[in-house]
Amino acid sequence: MDKLILIDGNNIIYRAFFAMPPLTNTAGQQTNAVYGFTTMLLRLIEEHKPTHMIVAFDAGKVTFRHEGYQEYKGGREKTPPELSEQFPMLKELLQALGVPQFEIASYEADDIIGTISRQADEAGRQVMIVSGDKDMLQLASEHTTVALIRKGVSEIELYGPQQIREKYDLTPLQIIDLKGLMGDASDNIPGVPGVGEKTALKLLQQFGSVEGVLAGTDELKGKMKEKLETHAEDARMSKRLATIYREVPLEHSWEDMTFSAIRAETAGPALAKLEFRSLLERLSLSAYTQSPEAEAAQVEAAELDIMLVDEAGLKQLLADLPEIAAMHLETNGDNPHRSEVIGLGLSSPERHYFVPFALLLQPAAEKLRKWLGDEKAPKSGYDLHRADLALHWQGIAFAGAAHDVQLAAYLLDPTEANQNLNDLTTKYALPRLSPDEDIFGKGAKYRIPELEVLGTHVARKSATVLGIAARQQQELVETDMTGLFKDLEMPLSRILADMEKQGIAANKDDLQELGKEFEAQIHKLVTEIYQICGVEFNLNSPKQLGEILFDKLGLPVVKKTKTGYSTDAEVLEKLAPYHAAVRHILNYRTIAKLQSTYVEGLLKEISPQTGKVHTFYRQTIAATGRLSSQFPNLQNIPIRLEEGRKIRKIFVPSEPGWSILAADYSQIELRVLAHIADDEGLKEAFLNDMDIHTKTAMDVFGVTAEQVDGNMRRSAKAVNFGIVYGISDYGLSQNLNIPRKEAARFIEQYFDVFQGVRKYMDDIVTEAKSNGYVTTLLERRRYLPEINAKNFNLRSFAERTAMNTPIQGTAADIIKLAMVQMDKALYERGLKSRMLLQVHDELVFEVPEDELELMKSLVPQVMEGALKLSVPLKAEVSFGSNWYEAK
DNA sequence: CACATCACG
DNA sequence: ACGTACGTGATGTGC
């Protein structure tokens, strides 16, 4: 006789986590919940001998239950990281044990279980449902038993309809009514206040159901009657929330749930890896008990066909080259302009190769190098942009990037990005890789291991890339991001690599000269500060500075940090009138920052080989879709203050007679907002090319253009910023240094005028709450798991992010489009001008004399035409003999 | 390695 | 009542 066991995975792992002592393995990972789960699972298998079994998991944090009631499951403590880490371990182990797992987007485990048990019921099969959640009792029936897990996970109580009647005098379905009346604090289901289990049972004996109770309130009296009447809707909603949905669209067959027996060859290594020795013994699998070193070897020894290529083996590799679809270039260090290349892993579906870098440089490997640089030879890889740069500096050209799994993973979830390859193996249930730290060591202990270990490791990486790429392509289709990936981000990654290789020329002598000027100013300021304060101390230490200002000099404490006094610029600005030293300290901070970060920092980054600065753009960091820039960051070169702005003078064209040309989008984020929000007033302002802050001031303050004074425009500008950031009265009040009430009034006035914007802000938050994510115009996606949080701070943050991300992200989409189109335009026209830098809303080029006139019109034309919106985009262009002059 | 600070959009 | 503006990276201090 068939017997199906349905396990509520989330519920059991939670119970196990809180019930078990904090076991850890030798790697320091906590494994207690997995252990508790597994002991219970083995006991079920031994005692009940199922022929079919599944573990159901919740998928996605937002379920259909949130649609009518956003507070559902609100107020829950966030899952502790020690527990969330154990989910992937459990899933991996279940797979090794041969236990099928089901999860279905936006349904909870109980709905999956409810649906399968209904189907099994209808087919007359024996079912046992395993959970710690009493709600499951509603599923009990003639053929279906509910096994309630008690006392942690150590006891099992079996309930059929008979047992439920004995214990509660209710039918299984009345369990739903019970919860509808009582509520459930852990799911944040309200129920009726003042009605607990006792009262609820009494009411149900009398009336049978929630509906019965509510219809019969006339027969009750006093407080009870009143409560039931005022909270009738709560009771009905609570009942709905407590009802397990039994119509989940399941595409699984009875065969998909088959559980035969635990297979030693997969279960053994999996349990050994978790170091569950007692369970290995219990299953007579002790042979698999291994030392961590042996385990590492085990991972290496998986059945891949890996060839460690030497000169003699090259022939075979070259013959196989047309089949090679994935690669992984192993390099060291974070900065790809300075990395050494260690070797190359290559994978075809059949076979995997490792080519040591020394061999790649040999004359015999010329065909392989050709292949690397062949844009018609498509390659998948992880962070191919980095590989391109590392190879470039070794004199090897790279082209033909077809699918970058790092980039795809970023689009699929930009906040979970920098998912290294090993994190992705977990997501896609592929064999795990040894961590790089285990292979190479960390920090000072870094060394390249022997060929066998190295080659196997790197080849396994390319094999992993191959396994992931196909799955991601499917996911990109499902999330409507294929176009974004193939037509924008992949082409952009090549363009970025070109810009980085090109670099921007920097005048070292001028920078050193500027450093001397700063040095003199710093010396003077330090001397004066020490004299005024009457003591010498480390001015760079906020701690020491705080002690001087607040303890010794007795200045008022304006703000504290979590470690002590705050001494940031905002605080010092307030203190300046009280003490002569403070203004000097502010000046010192400004100059010291310029000196350490921009003079000394940039000097270190000027390449001795090229005399240029080669930044590295990261395409997979910012959650909104923006780029970021590293080694050095060329997106935060000073501009706001004149002293700092001078730094820009050292960025010059790399060829004599050329110019630096810079073009920036004017108000791109507010234009994007005008389009997305479809706000009439905002659109009209941009269609007429008005000064947007003045226009905002006119409308908010109800005055004419002539009546707008500096202060009004400043306030309006701050409001506009606030709008883009996801406004709050508190934030605006801080920024403008005004009372919160006044800030709230500004915002209210703004929304009265710009009603489209108000509607957008409301709608986008609602959309985020129901979808769990927001998107940009090009379908770039950002998940906001905290949008339904009960915690005010978390939720508010997510709400502001929901408002800001489509705006900032669409602006990022637009300039990326412009970059791709600009690259194409330069190529097609055969221009010598080069795109060098991107600074979020600005593109910087170097341009030969004879192309200057053309570029002055071409660049803004391409930028303005990058994407058609309902308002015009505007780009302003300027040029000069260096970046400072291009203003 | 976390924190405070400050540079940019 | 709650208590923060959105997105980054580099530097220096101090545990």
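Residues numbered from 1 in each chain as written. Chains lettered and ligands numbered in written order. Predicted model: local features only at pLDDT ≥ 70, side-chain atom pairs only at ≥ 80, totals over all residues. Heavy atoms only, no water.

A.B. asks: A description of the environment of Glu 885 should follow, citing residues and the corresponding values.
C.D. replies: For Glu 885, the location among the structural elements is in the segment after β23 (875-880). The partly exposed category is assigned to Glu 885, whose relative accessible area is 35%. Each C-alpha atom of the pair Glu 885 and Asp 310 lies 55 Å from the other, and the pair is 575 residues apart in sequence. (Helix = DSSP H or I, 4+ residues; strand = E, 2+ residues; numbered from the N terminus. Buried < 20%, exposed > 50% of the residue type's maximum accessible area, 1.4 Å probe, protein only.)

A.B. asks: Provide a residue-level description of the domain arrangement of chain A, including the pertinent values.
C.D. replies: By domain assignment, chain A separates into domain 1 (3-170 + 245-257), domain 2 (296-478), domain 3 (515-613) and domain 4 (670-807). Computed over C-alpha atoms only, the centres of domain 1 and domain 2 are separated by 39 Å. (Domains from an automatic or database assignment.)

A.B. asks: I'd like a description of the protein's contact with DNA strand C, backed by residues and values.
C.D. replies: Near DNA strand C there are 36 residues, and of these Ser 541, Ser 628, Asn 633, Arg 782 and Arg 800 occur at the shortest range. Expressed as a percentage, the sugar and phosphate content of the atoms of DNA strand C within 4 Å of the protein is 59%. In this structure, a phosphate oxygen belonging to DNA strand C sits 3.4 Å away from a side-chain N or O atom of Gln 544. Arg 782 places a side-chain nitrogen or oxygen 2.8 Å from a phosphate oxygen of DNA strand C. Of all the secondary structure elements, the ones that give two or more residues to the surface near DNA strand C are α26 (542-552), α28 (580-605), β16 (628-630), α33 (710-725), α34 (729-736) and α37 (792-828). For the surface near DNA strand C, the element with the most residues is α37, which contributes seven residues. (Near = heavy atom within 4 Å. Polar contact = N/O pair within 3.5 Å; in protein donor to acceptor, adjacent residues only side chain to side chain.)

A.B. asks: If you had to explain the protein's contact with DNA strand B to someone new, which residues and values would you point to?
C.D. replies: The full set close to DNA strand B counts 22 residues, and Thr 567, Lys 593, Ile 639, Arg 640 and Asp 841 are the nearest of them. In DNA strand B, the atoms that sit within 4 Å of the protein are 76% sugar and phosphate, with bases accounting for the remainder. A distance of 2.9 Å is found between a phosphate oxygen of DNA strand B and a backbone nitrogen or oxygen belonging to Ala 569. The separation between a base nitrogen of DNA strand B and a polar side-chain atom of Arg 626 is 2.9 Å. For the surface near DNA strand B, the element with the highest residue contribution is α28, accounting for three residues. Tallied by class, residues from the surface near DNA strand B come to seven nonpolar, eight polar and seven charged. (Nonpolar A, V, L, I, M, F, W, Y, C, P; charged D, E, K, R; others polar.)

A.B. asks: Can you tell me about the environment of Met 40, naming the residues and giving the values?
C.D. replies: Mapped onto the fold, Met 40 is located in helix α2 (residues 32-48). Spatially, the C-alpha atom of Met 40 lies 9.1 Å from that of Ala 16, the residues being 24 residues apart in sequence. Among all residues touching Met 40, those that are not within four sequence positions of it are Ile 12, Val 130, Ile 149 and Val 153. (Contact = heavy atoms within 4.5 Å.)

A.B. asks: So what's going on with empty space enclosed by the protein? Residues and values would help.
C.D. replies: Counted by the stated rule, this structure contains two cavities of 30 Å³ or more. Looking at the largest cavity, its volume works out to about 90 Å³. Taken together, Asp 383, His 385, Arg 386, Asp 404, Gln 406, Leu 407, Ser 493, Phe 616, Tyr 617, Arg 618, Gln 619 and Thr 620 make up the lining of the largest cavity. Among the secondary structure elements, those contributing two or more residues to the lining of the largest cavity are α19 (384-392), α20 (405-412) and β15 (616-618). With three residues, β15 is the single largest residue contributor to the lining of the largest cavity. Looking at side-chain class alone, the lining of the largest cavity contains three nonpolar, five polar and four charged residues. Considered as a void within the structure, the second largest cavity measures approximately 30 Å³ in volume. Listing elements by their share of the lining of the second largest cavity, those giving two or more residues are α32 (692-701) and α33. The residue makeup of the lining of the second largest cavity, split by class, is five nonpolar, two polar and no charged. (1 Å grid on protein atoms, 1.4 Å probe; cavity = no way out; pocket = protein on both sides within 12 Å on 5 of 7 lines; lining within 4 Å. Points joined across faces, edges and corners; volume = space filled by probe spheres on them.)

A.B. asks: Break down the nonpolar core for me, with residues and values.
C.D. replies: Grouped together as the largest cluster of nonpolar side chains are 143 residues, with contacts concentrated most on Phe 651, Tyr 665, Leu 673, Val 757, Phe 845 and Met 855. If one sorts the elements of this core by residue count, α37 sits on top with 14 residues. The residues contacting Met 855, other than those within four sequence positions of it, are Leu 661, Met 822, Leu 826, Leu 831, Ser 833, Phe 845, Val 847 and Pro 860. Val 146, Ile 175, Ile 244 and Trp 254 belong to the second largest nonpolar core, which has 46 residues in total. (Core = buried A, V, L, I, M, F, W, Y, C linked by side-chain atoms within 4.5 Å.)

A.B. asks: Any details on the sheet that holds strand β14 (residues 612-613)? Residues and values, ideally.
C.D. replies: Within the open sheet, the three strands sit side by side as β14-β13-β17. Their pairing is antiparallel. In the strand order of this sheet, the two ends are held by β14 and β17 (651-652), each with one partner. Relative to β14, strand β13 (residues 504-506) runs antiparallel, the two being bridged by two bridges. Bridge assignment links Ala 505 to a residue of β14, and that residue is Lys 612. (Pairing = 2+ DSSP bridges.)

A.B. asks: I'd love a proper account of the packing of helix α35 (residues 740-753) against helix α36 (residues 755-771), names of residues and values included.
C.D. replies: Their axes nearest at 5 Å, the elements α35 and α36 cross at an angle of 105°. Considering the angle they form, α35 stands roughly perpendicular to α36. Here Glu 748, Tyr 750, Phe 751, Asp 752 and Val 753 of α35 lie close against α36, whose contacting residues are Gln 755, Val 757, Arg 758 and Met 761. A per-class count over the contact of α35 with α36 returns five nonpolar, one polar and three charged. (Axes fitted to C-alpha atoms, helices over the stretch in contact; angles between N-to-C directions. Parallel < 35°, antiparallel > 145°, perpendicular 65-115°, else oblique.)

A.B. asks: Give a description of the pattern of salt bridges that names residues and reports values.
C.D. replies: Applying the stated criterion across every chain, the model contains 48 salt bridges. A salt bridge links Lys 239 to Asp 177; the shortest N-O distance between them is 2.8 Å. Here the residue Lys 239 occupies a position in helix α12 (residues 232-242), and Asp 177 occupies one in helix α8 (residues 174-182), the gap between them amounting to 62 residues. Under the relative-accessibility criterion, Lys 239 is labelled buried at 17%. (Salt bridge = Lys/Arg side-chain N within 4 Å of Asp/Glu carboxyl O.)

A.B. asks: Give me the side chain of Ser 339: which residues, what numbers.
C.D. replies: One can find Ser 339 in the loop between β8 (326-331) and β9 (341-347). Under the relative-accessibility criterion, Ser 339 is labelled buried at 6%. Within the structure, the side chain of Ser 339 is placed 3.3 Å from the backbone oxygen of Asn 332, a separation counted as a polar contact. In this structure the side chain of Ser 339 is engaged in a polar contact, spanning 3.0 Å, whose partner is the backbone oxygen of Asn 335. In this structure, Ser 339 is in contact with Thr 331, Asn 332, Gly 333 and Gln 394, ignoring residues within four places of it in sequence.

A.B. asks: Can you break down the pairing of strand β22 (residues 842-847) residue by residue, with the values?
C.D. replies: Of all six residues in β22, six are buried; the element is thus mostly enclosed. Burial of the side chains of β22 extends over both faces: Glu 842, Val 844 and Glu 846 are buried on one face and Leu 843, Phe 845 and Val 847 on the other. Pairing of strand β18 (residues 659-665) with β22, which is carried by six bridges, proceeds in the antiparallel orientation. The partner of Ile 660 across the bridge, within β22, is Glu 846. As judged from the four bridges shared by strand β21 (residues 834-838) and β22, these two strands associate in the antiparallel manner. Across the sheet, the residue bridging to Gln 838 is Leu 843, located in β22. Where β21 folds back onto β22 in an antiparallel hairpin, the turn is made up of three residues, including His 840, whose phi is positive at roughly 70°.

A.B. asks: Would you mind going over unusual backbone geometry in detail, with residue names and values included?
C.D. replies: For the bond from Phe 631 to Pro 632, the omega torsion is -5°, close enough to zero to count as cis. Residue placement: Pro 632 occurs in the loop between β16 and α29 (642-645). At Asp 678, a position not held by glycine, the phi torsion is positive, near 50°. Mapping Asp 678 onto the fold places it in the loop between α30 (668-677) and α31 (680-687). For Asp 678, a relative accessible area of 43% gives the class partly exposed.

A.B. asks: Can you tell me about the packing of aromatic side chains, naming the residues and giving the values?
C.D. replies: Applying the stated rule across the entire model yields twelve aromatic pairs. With a centroid separation of 6.3 Å and 65° between ring planes, the pair formed by Phe 57 and Phe 87 is classed as edge-to-face. Here Phe 57, found in strand β2 (residues 52-57), pairs with Phe 87, found in helix α5 (residues 86-97); they are 30 residues apart in sequence, far enough to count as distant. A relative accessible area of 1% places Phe 57 in the buried class. In textbook terms, an aromatic cluster arises when at least three aromatic residues are bridged by ring pairs, as seen for Tyr 750, Phe 751 and Phe 754. (Phe/Tyr/Trp six-rings, centres within 6.5 Å; stacked < 30°, edge-to-face > 60°.)

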